[in-house]
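# Descriptive structure summary
If you want the building blocks of each chain, they are given just below.
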Amino acid sequence: MELLEIVRQEELYPKLLHQIKKDFGMANVPINIPMDISPEELKSAIHEKIYYLIVEKFQEYLNLLYVVDISEKEVKKIAPSDVVDVSAEVSFLLLKREWQKVWYKAKYGN
């Protein structure tokens, strides 16, 4: 939640939502995120989607990690536990990586 609050303070939240939708689309993983979604709801929606992908569609999950560009090293650092905890950790990594993309574009882009 702290990460999402920083995004809101930087006024880049709409760009973060757009980046998430774009990357999920490129990975061919449909996700329904309205532009007026709260940070809490966003975190929950991504966690649910990651959990579903790990349990039901593992190949799509791996593809999403590749498209978002989440470091394999970071994923391997996650302690093996139940799927709920793993999906929460991966959700954080995904949000962190998407935030990095948005921040770099805002700072160094056109």
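Keep in mind it's a predicted model, so treat the numbers as computed, not measured.

Here the focus is the overall build of the protein. The number of helices and strands found in the protein is 6 helices and 0 strands. Listed by position from the N terminus, the elements making up the protein come as α-α-α-α-α-α. Expected size for 110 residues packed as a compact globule is a radius of gyration near 13 Å; at 13 Å, the protein falls within 12% of this value. With the principal axes as the frame, the protein shows a C-alpha extent of 40 × 25 × 25 Å.

Throughout the structure, instances matching the rule amount to 5 salt bridges. Salt-bridge contacts for D23 lead to K101; the nearest nitrogen and oxygen are separated by 2.6 Å. A residue pair is termed long-range when its members are at least 10 positions apart, and D23 in helix α2 (residues 13-26) and K101 in helix α6 (residues 83-108) qualify at 78 residues. When sorted by exposure, D23 lands in the same class as K101, which is buried. The residue K101 makes a salt bridge to E98 at a minimum N-O spacing of 3.7 Å. In this pair, K101 and E98 are both assigned in helix α6, 3 residues apart and thus about one turn of the helix distant. Several salt bridges share partner residues, and in doing so they unite D23, E98 and K101 into one network.

Enumeration over the complete set of coordinates arrives at 4 aromatic pairs. Ring centres 6.2 Å apart and planes at 85° place the aromatic pair W103 and Y108 in the edge-to-face group. What makes W103 partly exposed here is its relative accessible area of 29%. Under the relative-accessibility criterion, Y108 is labelled exposed at 58%. Aromatic side chains Y104 and Y108 sit 6.2 Å apart centroid to centroid with 25° between the ring planes, which places their arrangement in the stacked category. Of this pair, Y104 and Y108 both sit in helix α6, 4 residues apart, which is roughly one turn of the helix. Counting every residue linked through ring pairs, the aromatic cluster contains W103, Y104 and Y108.

The next point concerns the nonpolar core. Judged by nonpolar contacts, the single largest core of 28 residues is most densely connected at I20, L42, I50, L64 and L94. Contributing elements (two or more residues each) for this core: α2, α3 (39-56), α4 (58-68) and α6. The element contributing the most residues to this core is α6, with 6 residues. Once residues within four sequence positions are removed from consideration, L94 is found in contact with F24, I46, I50, L64, V68 and I70.

Pairs of packed helices are described in terms of their axes, by the angle between the two and the distance that separates them. Taken N-terminus to C-terminus, the directions of α2 and α3 make an angle of 15°; their axes are 12 Å apart at the nearest point. The angle between α2 and α3 places the two elements in the roughly parallel class. Along this stretch, α2 crosses α3, giving a crossing that reads as left-handed. Here α2 contributes Y13, L16, L17, I20 and F24 to the contact with α3, which in turn contributes P39, L42, I46 and K49. For the contact of α2 with α3, the per-class residue count stands at 8 nonpolar, no polar and 1 charged.

Rules used throughout
Residues numbered from 1 in each chain as written. Predicted model: local features only at pLDDT ≥ 70, side-chain atom pairs only at ≥ 80, totals over all residues. Heavy atoms only, no water. Helix = DSSP H or I, 4+ residues; strand = E, 2+ residues; numbered from the N terminus. Rg over C-alpha atoms; globule rule 2.2 N^0.38 Å. Salt bridge = Lys/Arg side-chain N within 4 Å of Asp/Glu carboxyl O. Buried < 20%, exposed > 50% of the residue type's maximum accessible area, 1.4 Å probe, protein only. Phe/Tyr/Trp six-rings, centres within 6.5 Å; stacked < 30°, edge-to-face > 60°. Core = buried A, V, L, I, M, F, W, Y, C linked by side-chain atoms within 4.5 Å. Contact = heavy atoms within 4.5 Å. Axes fitted to C-alpha atoms, helices over the stretch in contact; angles between N-to-C directions. Parallel < 35°, antiparallel > 145°, perpendicular 65-115°, else oblique. Left-handed = near helix turned anticlockwise from the far one by under 90°. Nonpolar A, V, L, I, M, F, W, Y, C, P; charged D, E, K, R; others polar.

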